[in-house]
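A closer look at the structure
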Amino acid sequence: DVKTDWKTVDDAATVERARSNYDRTVKAFNAIIQFQNNFVKPYIEELSAQMSYQMKSAEQRRGTKDLGLTNVPFASKAYNYTKQLLLALKVDAIVDEVEQEIKAGRHPVIALESTMESVLDGYNAGDVLDNATFGASLIKGLENTLSYTVKDDKNREEKHKIPLELLPASARQAYEDVKRLILESTRDVYVSPIDDIISKLNARGYSVGELTGRDKYVSMEDGKAVVRKRADKDKKRMTMEFNAGKTDVLILNKSASTGISLHASSRFSDQRQRTMVMAQPLSDINDYMQMIGRIDRTGQVHRGYYINLGLPVPAENRFM
């Protein structure tokens, strides 16, 4: 009796924006790959040749070669960037879907995988982000192309980074050109999809709880993106408030895929049918199955209802 819907976003404006942003961002992916092939790879090959007499070798960190495009898709960085981008591009569709479920008398949770908190590494609470777009994540990817590992004959590793000033002028120029392309390509995509979802649901009058385990979030204050520290992380309390109907929506990731019950239990005061909007499917099918089990459990008065929400772009279609 469990119903699962596979929905493709069909709002014309959202689809056009998603396709346009996706195409532009893929160009940025390709520019990073080209920069790495043209300038980083030759530098590392030359460095490795110079080190060979010391019984050492230099190599690019596993997973950064070709920005992950030549690696196994599930382990590649390009794959992860793509999943993050697709989530960011369907924020409005997710918010609309959740609101429809609430109005239909159901109690929704949003399931996703990536929090994109790594973009905030190095920032402290109160810091203002220089770049509040998805480009901040891609620029980190560009910077990481300069990283390499030195391994000696005893298999000991040291991590290093190529100083940009050691590269030729053409490489430095190319690096700046790629940065500009990234910023231009991602200008319309917000840096933190989770915070965007929360903000837009709050603006519509809905309370949102978050069970992701992340420590920082981004708050828009006077037109600036400010990093704040998350204080409200009480997993047990938020679960109880959701099941009591005090919280309208819960956002979950892998950290909440086990150990909690969010079903329409006969023991809970809020017995509305639960809906899970799968905004970003978890990559590991075991985690995915654990996640969907949060809202469909024994002792319930309604079976769980599932919505897998996707954009009409090839990357998402392939994953679905």
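Coordinates for the structure precede this section.
Conventions adopted
- Residues numbered from 1 in each chain as written.
- Predicted model: local features only at pLDDT ≥ 70, side-chain atom pairs only at ≥ 80, totals over all residues.
- Heavy atoms only, no water.
- Phe/Tyr/Trp six-rings, centres within 6.5 Å; stacked < 30°, edge-to-face > 60°.
- Helix = DSSP H or I, 4+ residues; strand = E, 2+ residues; numbered from the N terminus.
- Buried < 20%, exposed > 50% of the residue type's maximum accessible area, 1.4 Å probe, protein only.
- Core = buried A, V, L, I, M, F, W, Y, C linked by side-chain atoms within 4.5 Å.
- Contact = heavy atoms within 4.5 Å.
- Salt bridge = Lys/Arg side-chain N within 4 Å of Asp/Glu carboxyl O.
- 1 Å grid on protein atoms, 1.4 Å probe; cavity = no way out; pocket = protein on both sides within 12 Å on 5 of 7 lines; lining within 4 Å.
- Points joined across faces, edges and corners; volume = space filled by probe spheres on them.
- Nonpolar A, V, L, I, M, F, W, Y, C, P; charged D, E, K, R; others polar.
- Expected span 1.5 Å × (residues − 1).
- Bend = angle between axes of the 7 residues up to and from the residue.
- Pairing = 2+ DSSP bridges.

Section: the packing of aromatic side chains
Applying the stated criterion across every chain, the model contains three aromatic pairs. Consider the rings of F29 and Y81, whose centres lie 6.3 Å apart with planes at 45 degrees: the pair is tilted. Placement of the pair is F29 in helix α1 (residues 12–51) and Y81 in helix α2 (residues 77–89), with a sequence separation of 52 residues. In terms of burial, F29 and Y81 fall into one category: buried. Pairwise contacts between aromatic rings join F35, F39 and Y175 into one cluster.

Focus: unusual backbone geometry
Of note, M116 is a non-glycine position whose phi angle comes to about 60 degrees, a positive value. Here M116 lies in the loop between β3 (107–111) and α4 (135–144). Backbone geometry at D222 places phi at a positive 55 degrees, although glycine is not the residue there. Note that D222 resides in the loop between β7 (216–221) and β8 (224–229). Overall, the relative accessible area of 82% leaves D222 in the exposed class.

Points about the nonpolar core
Residues F35 and I110 are the most contacted members of the largest nonpolar core, which totals 65 residues. Of the residues forming this core, the biggest block, 13 residues, is contributed by α1. Other than its neighbours up to four places away in sequence, I110 contacts I94, V98, I197, L201, V249, L250, I251, L252, V277 and A279.

Quick notes on the pattern of salt bridges
Oppositely charged side chains can form a pair if their charged atoms are brought close together. This structure, assessed with the given rule, holds 23 salt bridges. In this structure, D215 engages K233 in a salt bridge whose closest nitrogen and oxygen atoms are separated by 2.4 Å. Within this pair, whereas D215 is found in the loop between β6 (208–211) and β7, its partner K233 is found in the loop between β8 and α7 (235–243), the two being separated by 18 residues in sequence. Here K233 falls in the partly exposed class, since its relative accessible area comes to 37%.

Structural notes on empty space enclosed by the protein
What the rule picks out here adds up to one cavity of 30 Å³ or more. For the largest cavity, the full set of lining residues is T115, M116, E117, V119, L120, V191, S192, R214 and V218. Partitioned by chemical class, the residues of the lining of the largest cavity number five nonpolar, two polar and two charged.

Considering α1
A rise of 1.5 Å per residue sets the reference length of α1, with its 40 residues, at 58 Å; its end C-alpha atoms lie 56 Å apart and thus fit the reference within 8%. A maximum bend of about 35 degrees is found in α1 at N37.

Structural notes on the pairing of β3
Within β3, five of the five residues are buried, leaving the element largely enclosed by the surrounding structure. Taking every second residue as pointing to the same face, both faces of β3 are buried, with H107, V109 and A111 on one and P108 and I110 on the other. Across five bridges, the pairing between β3 and strand β10 (residues 274–278) is parallel. Looking at β10, one finds that A111 is bridged to M278. As judged from the three bridges shared by β3 and strand β9 (residues 249–252), these two strands associate in the parallel manner. Directly across from A111, in β9, lies its bridge partner L252.

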